[in-house]
Every structure is written in structure tokens, then in C-alpha cells.
Amino acid sequence: MFQIYKKNDKDLDSFSKNKKRKQIITVSVIGIILIVGTITIFRTFAFYEEKSEFDVLNGRIPSHWYDLNLLSIKVEGQLVETIPNRAPYKVNVECSNGRADWDYVSWSLNLTELKENTKCTIEFTKTLSDAEYKTYLISNKVTRRNTYRGKDITAYYNDGSLYEMISNGTFDDIYVGDYIIANGVTWLIADIDNYLNSGDQNLSRHHATIIPAKPLMNTPMNATHTTEGGYIGSKMVKETLASLVTSEGIIGKTFGSHILEYRNILTNQIKNDSTNQSGGIFSGASNNWTWFTRMCDLMSEVNIYGTTVWSTSGHDTGIDNRQYAIFQLKPEFINSYGTERFHY
């Protein structure tokens, strides 16, 4: 059951919902949470190779341990020459004349208190308990969410393995900043599992939040300068965003049945004489909200900048209360992509 999560367009929910506001908001629809997956095997640490029986020729070993040349690697009881690719293995390390442990996040061996002629055996087995498997998934995801890579993963999109690499929560060969080129648009992996356990109806499915690298269009929130009905009552939501996820819309055409429905709390009312955060430039602020089932929304200011700027009140933020990882790791993407600059 593959689906996609669409989260926000490239407009700040700062759609301050001001009545006097006359600006056109750049729409860059985001969030397509791609959901799917199969456990993988991502080679992030291929290093140890044996010479004779256990001589290490190549290895990510601190230079001051150059005398460490006795290492045994076993996978499911079979002696092998290299560390296996990242996979749901339980790793046991035993060393004579020293100590070492396995780092699941970096998928590497931590060497401590080792002495000359230390002998270590590393055993990889798939006998993980439910708790150990959960630990593996979390460490795997942490690595990918906190690493910007920027790799073209269109091939995974084309053969369908992209969805398989997401649903089990392993996110195998997927990192923040990786991109897909489809239907003339470059789509970026903006974050991973960032909406997990959110909503009044718990979102428990693994997902990736996807945004277009550049705004998809420039279009007004409403045909006339009104904020009646708040964000959810705007033409942007009722017509523009809704059209993007249909079978003929750019998001619908690109990700189809992989678009994930999620619950978002959105503004549905504006009080025209309320004080907002514009410093007196505008009047009016959102003063009510409710839960809605969504497939696509504009990004909030917090999603982009990590803080509020013009948002009228806390009602404008809802579940979009944290910055996407891509903007934390590559802040220049907030206002540009490649040589092109833009604003919201």
C-alpha cells in the first residue's frame, strides 16, 4: 500500500490571512509523503578485507592501531572477507586483549582500549528481537535524516523500489536532499518520517516528505483580497491545491496512489481586528482551527525558516511546527535552487 505524503506548498502559512494583503503567494506545493518499503541493504561501510586468515589490509581503523591486524568477520556463522552492507543484523563483537563495540548509526566498529595483537571477532546474525529491530530502524533513519547527499534517485522512482525503501522505515538508499526528476519537475526529499505519530488520528505509516525544488507557480490565495474562511476556506486550498493531486495534476500524475492522506489542523476563521505579528502593517489574525484530512498543503513558515516571521497567530502553524531537515542541512535552499532564486 504505497502512498505519498504531500505537505505544503512553498508559501508560508503566513497567508497571514490578512484582509488587506495584496500579494501573490508563490505556490510550491510540497509534501508528498512517499510511503513504502522493503528492508534493504545499503553499503555505507565497506572496508575490512582479509589477507591470510585474519590480516586486515584495508580498514577504517585509527592510525594509532596500525598493529591491529587480527580480525574475524562472520555473517550467519560463515567467515567472510568484508563487513556486510547495512541490514537488520544483530552485531556481536568480542575482542581478546582489548575492547570494541558496534556503532549501528555509522555502521562501523568503535575500537577502545585495544593493545598490540588484539584479536576481534565480529558476528552478524539476523536473530534480532523486536526491540533490537526497532533500534536498527531508528539508527538507520537518524543517519539518513541528518545527512545531506543530493543524489539523483530517479531510477528508484522509475522501477518502484523508491516506495519499497520507505514503507518498512529502513529508508535504505534514500537521504535528505536526494531528488527525483519526473514530469519536468525536480522533486526533493525534504524530510523523513517527520510527521510520524502526528495528527488527531495517529499517522503511523513511514513516509518521506517531498517538495518541488522550485515553486510550481505564482498564484493568489484568493481571487479577491479576502481572508474569509481562513486558510482552509481559500481558493488556494479549495481549487489550486486540490487540482494538483488529481490524476491530471502535476503531483497526482507524478505520484498517483502513493500520495498519503494525513490529518492536519488548519485555520478556518479570521478575526479582522485582531493584532498579528506584522508590527502594525496589517490587521487581522487567525483565531480558530480544526482538523482536516489532507493530501497536500502549503509549507508553514516554521517548515521553511524554523521560526515564525509573519504568521498571524499560533493557529497558522498546527502540526507544521518544525523545520524540514533539508532547510536545516542546506539553508541556501530556502531561497534558491541551483542558480535560480525565488521567494514565498
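Up top is the structure.
Enquirer: Would you explain the overall build of the protein chain in this entry?
Expert: The helix and strand tally for the protein chain stands at 7 helices and 17 strands. Considering the protein chain as a whole, with its 344 residues, one finds that 52% of them fall into the buried category. Within the protein chain, contacts between residues at least 6 apart in sequence are counted, and of these 69% link residues at least 24 apart. For the protein chain, the accessible area works out to roughly 15,300 Å², and carbon and sulfur atoms hold 48% of it.

Enquirer: Looking at this model, I keep getting lost on the pattern of salt bridges. Mind explaining?
Expert: Between side chains of opposite charge, a pair can form as their charged atoms come close. Following the criterion strictly, the structure yields 10 salt bridges and no others. Of the charged contacts in the structure, one is a salt bridge between Lys-90 and Glu-132, with a shortest N-O distance of 3.4 Å. Placement of the pair is Lys-90 in strand β6 (residues 90-96) and Glu-132 in helix α1 (residues 130-145), with a sequence separation of 42 residues. Judged by relative accessible area, Lys-90 falls into the partly exposed class, the value being 34%.

Enquirer: Got a minute to help me understand the side chain of Asp-191 in this structure?
Expert: Looking at where Asp-191 falls in the secondary structure, it is placed in strand β11 (residues 185-192). Overall, Asp-191 belongs to the buried group, its relative accessible area being 0%. Only 3.0 Å separates the side chain of Asp-191 from the backbone nitrogen of Ala-325, close enough to count as a polar contact. When near neighbours in sequence (up to four residues on either side) are disregarded, Asp-191 contacts Arg-145, Val-176, Ala-208, Thr-209, Gln-323, Tyr-324 and Ala-325.

Enquirer: Please clarify how the state of the cysteines should be interpreted in this entry.
Expert: When the sulfur atoms of two cysteines share a covalent bond, that bond is a disulfide. In the structure shown here, the tally under the stated rule is 1 disulfide. With a sulfur-sulfur separation of 2.0 Å, Cys-95 is cross-linked through a disulfide to Cys-120. Here Cys-95 and Cys-120 share a disulfide; its torsion about the S-S bond, 110 degrees, makes the bridge right-handed. Of this pair, Cys-95 sits in strand β6 while Cys-120 sits in strand β9 (residues 119-125), and the two are 25 residues apart along the sequence.

Enquirer: Would you take a moment to explain the pairing of strand β7 (residues 99-103) for this structure?
Expert: Consecutive side chains of a regular strand alternate in pointing toward one face of the sheet and then the other. Of the two faces of β7, the one lined by Ala-100 and Trp-102 is fully buried and the one lined by Arg-99, Asp-101 and Asp-103 carries no buried residue. Hairpin geometry of β7 and strand β8 (residues 108-112) is characterised by an intervening segment of 4 residues between the two adjacent antiparallel strands and by a positive phi of about 55 degrees at Trp-107.

Enquirer: Looking at this structure, how should I read a nonpolar patch on the surface?
Expert: Taken together, the side chains of Val-105, Ile-138 and Val-142 define a hydrophobic patch exposed on the protein surface, amounting to about 210 Å² of accessible area. With respect to the element layout, Ile-138 can be found in helix α1. For Ile-138, a relative accessible area of 43% translates into the label partly exposed.

Enquirer: Explain the environment of Thr-307 to me, please; I cannot follow it from the model alone.
Expert: When you line up the elements, Thr-307 lands in the loop between α6 (301-305) and α7 (325-329). With relative accessibility at 43%, the residue Thr-307 sits in the partly exposed group. Spatially, the C-alpha atom of Thr-307 lies 10.0 Å from that of Thr-317, the residues being 10 residues apart in sequence.

Enquirer: Help me understand the sheet that holds strand β12 (residues 208-212), please; the structure alone is not making it clear to me.
Expert: Strand order across the open sheet formed by 3 strands is β10-β11-β12, with antiparallel pairing between neighbours. At either margin of the open sheet sits one strand with a lone partner, and together these are β10 (179-182) and β12. Going across the sheet, the axis of each strand differs from the next one's by a mean of 30 degrees, ignoring polarity. As paired elements, β11 and β12 share 5 bridges and run antiparallel to each other. Its bridge partner being in β12, Asp-191 is matched across the sheet by Thr-209.

Enquirer: Please explain the nonpolar core as it appears in this structure.
Expert: Generally speaking, nonpolar side chains in soluble globular proteins are found buried as a group. Ranked by internal contacts, the top residues of the largest apolar core, which has 54 residues, are Leu-162, Ile-180, Trp-187, Ile-251, Phe-255 and Phe-327. Here this core gets 6 residues from one element, more than from any other, and that element is β11.

Parameters at a glance
- Residues numbered from 1 in each chain as written.
- Predicted model: local features only at pLDDT ≥ 70, side-chain atom pairs only at ≥ 80, totals over all residues.
- Heavy atoms only, no water.
- Helix = DSSP H or I, 4+ residues; strand = E, 2+ residues; numbered from the N terminus.
- Buried < 20%, exposed > 50% of the residue type's maximum accessible area, 1.4 Å probe, protein only.
- Contact = heavy atoms within 4.5 Å.
- Areas by Shrake-Rupley, 256 points an atom, 1.4 Å probe, with all protein chains shown as cover.
- Salt bridge = Lys/Arg side-chain N within 4 Å of Asp/Glu carboxyl O.
- Polar contact = N/O pair within 3.5 Å; in protein donor to acceptor, adjacent residues only side chain to side chain.
- Disulfide = S-S within 2.5 Å.
- Pairing = 2+ DSSP bridges.
- Patch = residues over 30% accessible without salt bridge, like charges linked within 9 Å, V, L, I, M, F, W, Y side chains within 5 Å.
- Axes fitted to C-alpha atoms, helices over the stretch in contact; angles between N-to-C directions.
- Core = buried A, V, L, I, M, F, W, Y, C linked by side-chain atoms within 4.5 Å.

Function-wise, these values are silent; they only describe arrangement.
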